[in-house]
Amino acid sequence: MFARLALCSRPPPRIRQSNICPVSIRTYPAKFPRPHGKSLAHRSELKQAKRIVVKLGSAVVTRGDECGLALGRLASIVEQVAVLQNQGREMMIVTSGAVAFGKQRLRHEILLSQSVRQALHSGQNQLKDMAVPVLEARACAAAGQSGLMALYEAMFTQYSTCTAQILVTNLDFHDEQKRNNLNSTLHELLRMNIVPIINTNDAVVPPPVPSSDLQGVNVISIKDNDSLAARLAVEMKADLLIALSDVEGLYDSPPGRDDAKLIDVFYPGDQKSIKYGTKSGVGTGGMEAKVKAALWALQGGTSVVIANGTDPKVTGHVITDIVDGKKLGTFFSEVKPAGPTVEQQTEMARNAGRSLASLHPDQRAEIICLLSELLTEKKEEILSANRRDMELATSSGRFSQPLIDRLSLSTAKLNSLAIGLRQLAVSSRDSVGRVLRRTKVANNLELEQITVPIGVLLVIFESRPDCLPQVSALAIASGNALLLKGGKEAAHTNKILHQLTQEALSIHGVADAIQLVSTREDVEDLCRLDKLIDLIIPRGSSQLVRSIQRAAKGIPVLGHSEGVCHVYVDSDASIDKAIDIVRDSKCDYPAACNAMESLLIHRDLLRTPMFDQIIDMLRTENVKIHAGPRFASYLTFSPSEVKSLRTEYGELECCIEVVDSMQDAVDHIHKYGSSHTDVIVTENEETAEQFLQQVDSACVFWNSSSRFADGYRFGLGAEVGISTARIHARGPVGLEGLLTTKWVLRGEGHTVADFSEQGSMKYLHENIPIPQGVFS
């Protein structure tokens, strides 16, 4: 027979054993309804893949010493395959490893045999150095195949998943009857919810000979497991082939070179521009063989991803991440996007950003002023696009009311934006290149610390299209390149606002400095571009911010995860001020991150006219009240008790809690607040000053609404967001928060040796006064 089939043993029908994998007849759910035909065009579509082939290269399965298997790595791969199988997908494995497993086994047997013979011959138990003969690969495969399969079977049984072994040779694909039999066997195994584990029958196959991997459109020669996996995937009409190797994916040049770049998406026809390196020390294939096999499978309708299966940082989730559409390895696609990739956009932005930073401050101010004018001139076009987004968001039923509120633009908002941008244009003249410090290190050796742009910023924002011109203007003023990733709900508004921004930038030839990412890139994938992006600024829900903080690998994140803002009404508060401040803080714009979420009331104010009037005002404004534990204890019939004292409602809702003193309020804020904005309402100056000093938040106010925590209201012109971090920038982050510094030293041939004990020079370190507005 062409195939050697070994199903995992099953007990008689009436016997149940816990260590035996169950076999069930698979029904075909509508969970992955994609019919096989064309390959998947984008990574995001890989979630639809139902039938998946996982190819495990020799370097993945084999230990570093090429003798034995990498058991931990193999176990994590088995777990991922079992998870996907249990989701209703049809999984197949093409595996290497029989030769390595057999080599380990035969070496052990040979050494044991030699030691026994030597002991008998010498009459002693002391053994001399023994040389292990070179082992023939086919013999190793014969000795290792059964052990490899037993290992797979034992591992999959832990997940109640059954396996079957199939060994094939090239002849099994060339003979029509054998190929049909193989196809029928595999389909029956998949129907019974069994994972087929396929390998070339290395015990009988001849050694590989030089030949073309491709023999026509419908035939590929089976020379190694790469070509086997490709042929099998096409024969079985698989949706996805995942080829795991010991490199990250396909590079544009050999991976060891400094200028080698990982190719995210590879298209047919690009192979002419690729230079291949040497293949791994184990296995018979190489990257060139993998690419040829991948392109052949792609032509047959199967999508392909080549990725690293040996990196301990990703091995435990590499397969499931690929199926989830995450950017790992190289994805092979027949559909080339119309526009640039996000990596290309980042390079374009960085190059144009350097030109932007070199412009005269007046030129950058001119760009911002023009953008301000365009917001007013193109008002009707902007509002029309925004109405379209609003209608789509509302009709979809997928968005909360706070998010829809943030999505809305109005004439008043656009006018306010234009005013803020003109304000920013004035301050932008005193930004990049400003001298912060000047020191005379020694005679004719002068040191300056000057402001410079951070580099490339990535701003990810939900809803709130007014964020786009604000952030763009700040990037222009600070000379930073900018990538913008907005939500789909604001696509039309963002598109026209970005067009206006590029129109303004084009007057000085730097239109590419600000890019709008409109591809299908997941936010998590963008956060992995640590070699291209210097700072990430999320604008949106606490869930968005937290997810970005988790996903960012090696890139600083500037922002806050929550806006749990407090207003504390002290026993010495003015009734009129208290009512106005509480109303404005909660009701002016409930969806804002600086809106009040918790109202703290001094205990002495309970059952007083002030307290009653505050409650009446909140009810009049339709604010839903949640009672804190202490407040609820004072009431016979209380409002619904709060589930958490650390809740950002984002709507007309708030928590009310009772505290015993100003110090009690401070302690409560430190325990449940988010270090965003907190307010005290009191006429007692001493109490107020203690509150202002003790509360450790980015913004702390006395007798003023929490809604003042805003870059425009602070006179910054605009803001990229409010930071609750304690490093770099805190509070509303405007122009200053988007600058860093560099040190410039000017000398005349000075060397450190000149300042040694035998040298002729001495350090002076004299600070030189800097007149206001001096630039380097």
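Conventions used here
Residues numbered from 1 in each chain as written. Predicted model: local features only at pLDDT ≥ 70, side-chain atom pairs only at ≥ 80, totals over all residues. Heavy atoms only, no water. Helix = DSSP H or I, 4+ residues; strand = E, 2+ residues; numbered from the N terminus. Buried < 20%, exposed > 50% of the residue type's maximum accessible area, 1.4 Å probe, protein only. Contact = heavy atoms within 4.5 Å. Phe/Tyr/Trp six-rings, centres within 6.5 Å; stacked < 30°, edge-to-face > 60°. Polar contact = N/O pair within 3.5 Å; in protein donor to acceptor, adjacent residues only side chain to side chain. Expected span 1.5 Å × (residues − 1). Disulfide = S-S within 2.5 Å. Core = buried A, V, L, I, M, F, W, Y, C linked by side-chain atoms within 4.5 Å. pLDDT = per-residue confidence, 0-100. Patch = residues over 30% accessible without salt bridge, like charges linked within 9 Å, V, L, I, M, F, W, Y side chains within 5 Å. Areas by Shrake-Rupley, 256 points an atom, 1.4 Å probe, with all protein chains shown as cover. Salt bridge = Lys/Arg side-chain N within 4 Å of Asp/Glu carboxyl O. Pairing = 2+ DSSP bridges. Axes fitted to C-alpha atoms, helices over the stretch in contact; angles between N-to-C directions. Parallel < 35°, antiparallel > 145°, perpendicular 65-115°, else oblique. Nonpolar A, V, L, I, M, F, W, Y, C, P; charged D, E, K, R; others polar.

### Focus: the overall build of the chain
Point 1. Tallying secondary structure elements over the chain gives 23 helices and 25 strands in all.
Point 2. Relative to its 776 residues, the chain shows a buried fraction of 52%.
Point 3. Sequence-distant contacts in the chain: of pairs separated by 6 or more residues, those separated by 24 or more amount to 75%.

### Topic: the packing of aromatic side chains
The way to describe two aromatic rings as a pair is by their centre distance and the angle between their planes.
Point 1. Tallied over the full model, the rule gives 5 aromatic pairs.
Point 2. Consider the rings of Tyr-568 and Phe-691, whose centres lie 6.4 Å apart with planes at 25°: the pair is stacked. Taken together, the residues Tyr-568 in strand β16 (residues 565–569) and Phe-691 in helix α23 (residues 685–694) connect sequence positions 123 residues apart.
Point 3. Using a relative accessible area of 0% as the deciding quantity, one classes Tyr-568 as buried.
Point 4. The class for Phe-691 is buried, based on a relative accessible area of 0%.

### What to know about the side chain of Glu-448
Point 1. Checked against the element boundaries, Glu-448 lands in strand β11 (residues 445–453).
Point 2. Of note is the side chain of Glu-448, whose polar atom sits 2.5 Å from the side chain of Arg-438.

### Some remarks on helix α8 (residues 287–299)
Point 1. Compared with the 18 Å implied by 1.5 Å per residue over 13 residues, the 18 Å span of α8 between its first and last C-alpha is a close match.
Point 2. Extensive coverage of α8 is indicated by the burial of 10 of its 13 residues.
Point 3. Of all the positions in α8, only Met-287, Ala-289, Lys-290, Val-291, Ala-293, Ala-294, Leu-295, Trp-296, Ala-297 and Leu-298 are classed as buried.
Point 4. Next to the buried residues of α8 lie β2 (51–56), α7 (225–235), β6 (240–245), β7 (265–266), β8 (303–308) and β9 (330–332).

### Things to note about the side chain of His-626
Point 1. Secondary-structure assignment places His-626 in strand β18 (residues 624–627).
Point 2. A relative accessible area of 10% means that His-626 is categorised as buried.
Point 3. A distance of 3.1 Å separates a polar atom in the side chain of His-626 from a polar atom in the side chain of Ser-640.
Point 4. At 2.6 Å, the side chain of His-626 and the side chain of Glu-653 are in polar contact.
Point 5. Excluding residues that lie within four positions of it along the chain, His-626 makes contacts with Ser-640, Val-642, Tyr-649, Glu-653, Cys-654, Cys-655 and Ile-656.

### Observations regarding the state of the cysteines
Point 1. On inspection of all chains with the given rule, the structure shows 0 disulfides.
Point 2. Free of any disulfide, Cys-587 has its nearest cysteine sulfur in Cys-654, 8.3 Å distant.

### Quick look at the nonpolar core
One broad rule of soluble globular proteins: the nonpolar side chains tend to lie buried together.
Point 1. By size, the foremost hydrophobic cluster in this structure holds 49 residues, and its most contacted members are Leu-356, Ile-367, Ile-382, Val-459, Leu-482 and Leu-484.
Point 2. By residue number, the principal contributor to this core is helix α15 (residues 467–478), which donates 8 residues.
Point 3. For Leu-484, the residues in contact, after removing those within four places along its chain, are Val-459, Phe-461, Leu-468, Val-471, Ser-472, Ile-514, Gln-515, Leu-516 and Val-517.
Point 4. One finds Leu-241, Leu-250, Ala-293 and Val-304 within the second-largest nonpolar core, a separate group that totals 40 residues.

### Details of the confidence of the model for the chain
Point 1. Residues of the chain with pLDDT of at least 70 account for 86%, and the chain-wide mean is 86.
Point 2. Under a pLDDT of 50 for its full length, residues 1–19 has, in the predicted model, 35 contacts with residues more than four places off or in other chains.
Point 3. Counting interchain partners and residues more than four positions distant, the pLDDT-below-50 stretch residues 280–284 has 10 contacts.

### Considerations on unusual backbone geometry
Point 1. Here Ser-463, not a glycine, exhibits a phi torsion of approximately 50°, which is positive.
Point 2. As for its position among the elements, Ser-463 is in the loop between β12 (456–461) and α15.
Point 3. We note that Ser-675 has phi near 60°; this positive angle belongs to a residue other than glycine.
Point 4. According to the relative accessible area criterion, Ser-675 is buried, its value standing at 19%.

### Notes on a nonpolar patch on the surface
Point 1. Together, Phe-708, Phe-714 and Leu-716 make up an exposed nonpolar region whose accessible area comes to about 260 Å².
Point 2. Tracing the chain through its elements places Phe-708 in the loop between β21 (699–702) and β22 (721–723).

### Some remarks on the pairing of strand β4 (residues 162–168)
Regular strands have side chains that alternate between both faces of the sheet.
Point 1. Burial analysis of β4 places 7 of its 7 residues in the buried class, the great majority of the element.
Point 2. As paired strands, β4 and strand β5 (residues 194–200) are joined by 7 bridges and run parallel to one another. Each residue of the ladder has a partner; that of Ile-166, found in β5, is Ile-198.

### Side note on the environment of Val-435
Point 1. You can see Val-435 is positioned in strand β10 (residues 435–442).
Point 2. Taking the C-alpha atoms as reference points, Val-435 and Thr-741, 306 residues apart in sequence, are found 9.4 Å from one another.

### Quick look at the packing of α7 against α8
Point 1. Relative to each other, α7 and α8 sit at 5°, their axes nearing to 9 Å. With respect to each other, α7 and α8 are oriented roughly parallel. The segment α7 lies against α8, with Asp-226, Ser-227, Ala-230, Arg-231 and Val-234 engaging Ala-289, Lys-290, Ala-293, Trp-296 and Ala-297.
Point 2. When the residues that make up the contact of α7 with α8 are grouped by side-chain class, the tally is 6 nonpolar, 1 polar and 3 charged.

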